[in-house]
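Close look at the chain arrangement
For reference, the chains in residue letters:
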Amino acid sequence: MMADNLQSSIVRDFRQTLLWPIQLMTENSDPYAMHCPWKTLSADPESKWVEIKDEFLQDSPHLSEARYQEFVTFLPFAQRFLYGEGRHGREAGGYGESPIHIFTRSDISHVRIKLHDEPESLLLRVSHVELYFFFDIDVAMLAFEVTGNDLPLKSAMEILYRLGRTYPNYWDDTGEGGHCAERIEWLDKQGGVIARSDYEDKGRYLAYVKENHVPCVSLHWLALLHPLVPHYSGQQGALRYREIEYQRMPLMAYLSFDDVSQLSRGDMIRLGLVCQPWHSETLPFTEHFLQEFEKNNCYDRYWDESRVDPWSTTRIMCTGQNFVVVGSHQHRVFTNEKTGIKRHYQNQYFLLFLIAHFQKAALLMLSDRMVQAISRLDIQREDSVKAFRARIRHATAVFLRFTHRYWFENVSDQAVAKDLFTLMLKQLDSVSLFEKTRRRIMDMAEYLEGEEIKRQADTVVRLTVVTILGLIGTMTSGLLGMNLIDLTQSNLMEKVAYFALVFIPVSLLTFYTVIKSRRLSLFLDALSNEGAGLRYKLSKLKSVWMGRLED
């Protein structure tokens, strides 16, 4: 029997990294202005966030070995994205030393989480809290990592399942938020409560959704992001955001066991899919549904079911939304702080996960911009049409810059990093999303270009009509001569009077010709048609003043 794995299997080293992508709202600003939210956040005197000075930018003459290993994992274009171009980038202008700006806050020391049916709360250490901004893309990523030791498998599963929830899906009979922890608290170094969840406050969530038609974020997550505020809330704030994806944040997890081989297939699948804990001998879903789980979601380069080699006890599972690494605590290939899987998890694997989810979030943000532009278009109002054109052109320009600066389907030629990034893109369906977004934006850009060509052609037709009709008067006056009236002996007032006598009716005739230019162009087209009869041509002449204008 393996039913007691939930209590008997102990996670000696537990790490969970949440990654929350949010969309930064900039619609009230000039769409062509460069938005620099990191400058706004740095200038806020009430902000707890402090910008990190990257190790590459510090005064030390040498880079740490761990950071060096991380750097050389990636291809040159990915290195420019992650680390910038240093001094050369600063001298060249553009985004400067790096396109990524990272902020951190150090006031949150621990997380206290109360799980349902657990008598005591669990205390987890906060390893780091970081907020990532990206040059020229209105997306931010919150990275929040917690760690713990000697946790029962059941508790570890519950934390994975419940910690990263921004709001409840429903409320059970007891009034507790569905899929959420009973209570989550951010604690400072002295153990004081900085913020507390409010999943049980059903009235707040229902009222907010009814009024704003967007989900309501729990209070402890609101406090963590402050001074960033939800876009539709009544809170004051220069930086406003809204969620891009589902209410459960993408997550990474690292779990080290005494003997990972004791875990059943059901335990493994629950960890990989981040499901609620249940008896080890059962599966979370049907066998038919899970028959290709190992093939599609497991990267078993370091995993061997037969356990012939003692180091082959590391399994990496990726579902796109989740990235989970499990292994045995006693093997250095898994736990080595310098070159083992644990170090890779904290550095290279995290960056792979960050890039993949940033790309998806950026594409979803651009798609949302297109939807907003269409939804606010009123074709009856000229100012609305002009604003629509400006938004579409801006979205097209941002997409092109994103494509050449941030979009790549491969970031490393190292075998493991290359394979894992490919698996992430496949599970997230990012390549398909990119193609769909590109087609939609390019289709809209082509439509606007077609409209512009149509307007230019219409202008040319109008000018041509005016020129043709003006040619009649020009040739007539040229044939009769320009000196029909001898004004050489007239005084200035007489000359001005004669000039006005000619200028005013000619101007009125020209303006009237412009007004009727579309109708006149249709008449001239009919007149040039040798196959048309006289009656058809006369009807077109009549339509210059009467009848409905043909489109």
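Residues numbered from 1 in each chain as written. Predicted model: local features only at pLDDT ≥ 70, side-chain atom pairs only at ≥ 80, totals over all residues. Heavy atoms only, no water.

Notes on the overall build of the protein chain
Helix and strand content of the protein chain: 19 helices and 14 strands. Taken over 551 residues, the protein chain has a buried fraction of 47%. If you take every contact in the protein chain between residues at least 6 apart in sequence, the share linking residues at least 24 apart comes to 67%. Of the roughly 28700 Å² that the protein chain leaves accessible, carbon and sulfur atoms contribute 56%. (Helix = DSSP H or I, 4+ residues; strand = E, 2+ residues; numbered from the N terminus. Buried < 20%, exposed > 50% of the residue type's maximum accessible area, 1.4 Å probe, protein only. Contact = heavy atoms within 4.5 Å. Areas by Shrake-Rupley, 256 points an atom, 1.4 Å probe, with all protein chains shown as cover.)

A closer look at the packing of aromatic side chains
For any pair of aromatic rings, the description rests on two quantities: the centre-to-centre distance and the angle between the ring planes. Across all of its chains, the model carries 25 aromatic pairs by this definition. Arranged with centres 5.2 Å apart and planes meeting at 70°, the rings of tryptophan 186 and tryptophan 221 form a pair that is edge-to-face. Taken together, the residues tryptophan 186 in strand E7 (residues 183–187) and tryptophan 221 in helix H8 (residues 219–225) connect sequence positions 35 residues apart. Under the relative-accessibility criterion, tryptophan 186 is labelled buried at 0%. Three or more aromatic residues joined by ring pairs make a cluster, and in this case those are Phe77, Phe81, Phe134, Phe358, Phe399, Phe402, Tyr406, Trp407, Phe408 and Phe434. Between arginine 165 and the ring centre of tyrosine 161, over which it is positioned, the NZ or CZ distance is 4.6 Å. (Phe/Tyr/Trp six-rings, centres within 6.5 Å; stacked < 30°, edge-to-face > 60°. Lys NZ or Arg CZ within 6 Å of the ring centre and 35° of its normal.)

Re the pattern of salt bridges
Side-chain pairs of opposite charge can arise where the charged atoms are in close proximity. Counted by the stated rule, this structure contains 23 salt bridges. A salt bridge links aspartate 419 to arginine 301, with the nearest nitrogen and oxygen atoms 3.9 Å apart. On the criterion of sequence distance, the pair formed by aspartate 419 in helix H15 (residues 415–428) and arginine 301 in the loop between strand E12 (298–299) and strand E13 (315–318) is long-range, its members being 118 residues apart. With relative accessibility at 32%, the residue aspartate 419 sits in the partly exposed group. (Salt bridge = Lys/Arg side-chain N within 4 Å of Asp/Glu carboxyl O.)

Points about unusual backbone geometry
Only a minority of non-glycine residues have a phi that is not negative, and only a minority of peptide bonds are not trans. The linkage connecting histidine 226 with the following residue, proline 227, adopts the cis geometry, with an omega of 15°. In this structure, proline 227 sits in the loop between H8 and strand E9 (229–230). In this model, histidine 179 sits at a positive phi of 65°, which is unusual for a non-glycine residue. You can see histidine 179 is positioned in the loop between helix H6 (153–162) and E7.

Side note on a nonpolar patch on the surface
A cluster of nonpolar residues, Tyr512, Leu534, Leu538, Leu541, Trp545 and Met546, forms a patch on the protein surface that exposes about 640 Å² of accessible area. No other element matches the 3 residues that helix H19 (residues 534–542) contributes to the nonpolar patch. Mapped onto the elements of the fold, methionine 546 is located in the segment after H19. (Patch = residues over 30% accessible without salt bridge, like charges linked within 9 Å, V, L, I, M, F, W, Y side chains within 5 Å.)

A look at the packing of helix H13 (residues 341–375) against H15
Running from N to C, H13 and H15 point in directions that differ by 30°, and their axes come no closer than 10 Å. One way to sum up the angle between H13 and H15 is to call them roughly parallel. Of the two elements, H13 crosses H15, and the hand of that crossing is right-handed. Residues Tyr349, Leu352, Phe353, Ile355, Ala356, His357, Gln359 and Lys360 of H13 form the contact with H15, whose participating residues are Val416, Ala417, Leu420, Phe421, Met424, Leu425 and Leu428. Its residues assigned to classes, the contact of H13 with H15 shows 12 nonpolar, 2 polar and 1 charged. (Axes fitted to C-alpha atoms, helices over the stretch in contact; angles between N-to-C directions. Parallel < 35°, antiparallel > 145°, perpendicular 65-115°, else oblique. Left-handed = near helix turned anticlockwise from the far one by under 90°. Nonpolar A, V, L, I, M, F, W, Y, C, P; charged D, E, K, R; others polar.)

Re the side chain of histidine 357
Checked against the element boundaries, histidine 357 lands in helix H13. Classification of histidine 357 as buried rests on a relative accessible area of 1%.

A short note on the packing of H6 against helix H9 (residues 265–273)
Taken N-terminus to C-terminus, the directions of H6 and H9 make an angle of 25°; their axes are 10 Å apart at the nearest point. It follows that H6 is roughly parallel to H9 by the angle criterion. As H6 packs across H9, the resulting crossing turns out to be left-handed. The segment H6 lies against H9, with Leu153, Met157 and Leu160 engaging Asp267, Arg270 and Leu271.

Quick word on the nonpolar core
Grouped together as the largest cluster of nonpolar side chains are 137 residues, with contacts concentrated most on Trp221 and Leu255. Considering every element that reaches this core, the biggest residue donor is H13, with 18 residues. Leave out the neighbours within four places in its chain, and tryptophan 221 touches Leu18, Trp20, Leu142, Phe144, Leu163, Gly164, Arg165, Thr166, Trp186, Tyr199 and Met249. (Core = buried A, V, L, I, M, F, W, Y, C linked by side-chain atoms within 4.5 Å.)

Observations concerning H15
Between its first and last C-alpha atoms H15 spans 20 Å; for 14 residues at 1.5 Å apiece the expected length is 20 Å, and the two agree. Within H15, the full set of buried residues consists of Val416, Ala417, Leu420, Phe421, Leu423, Met424, Leu425 and Leu428. (Expected span 1.5 Å × (residues − 1).)

So, the environment of cysteine 216
Following the sequence through the fold, cysteine 216 ends up in the loop between helix H7 (202–212) and H8. Looking at cysteine 216, the relative accessible area reads 2%, which means it is buried. Linking cysteine 216 and arginine 242, residues 26 residues apart in sequence, is a C-alpha distance of 9.8 Å. Leave out the neighbours within four places in its chain, and cysteine 216 touches Thr166, Tyr167, Arg204, Tyr205, Tyr208 and Val209.

Some thoughts on the pairing of strand E1 (residues 10–24)
Most of E1 is tucked away, with 14 of its 15 residues classed as buried. Note: E1 against strand E6 (residues 137–152), 13 bridges, orientation antiparallel. For threonine 17, the partnering residue across the bridge sits in E6 and is glutamate 145. Two elements, E1 and strand E11 (residues 251–257), share 7 bridges in a ladder whose sense is antiparallel. From the neighbouring strand, glutamine 16 faces E11, where its bridge partner is alanine 253. In terms of strand pairing, E1 meets strand E10 (residues 240–243) through 3 bridges, oriented antiparallel. Along E10, the bridge assignment pairs glutamine 23 with arginine 242. (Pairing = 2+ DSSP bridges.)

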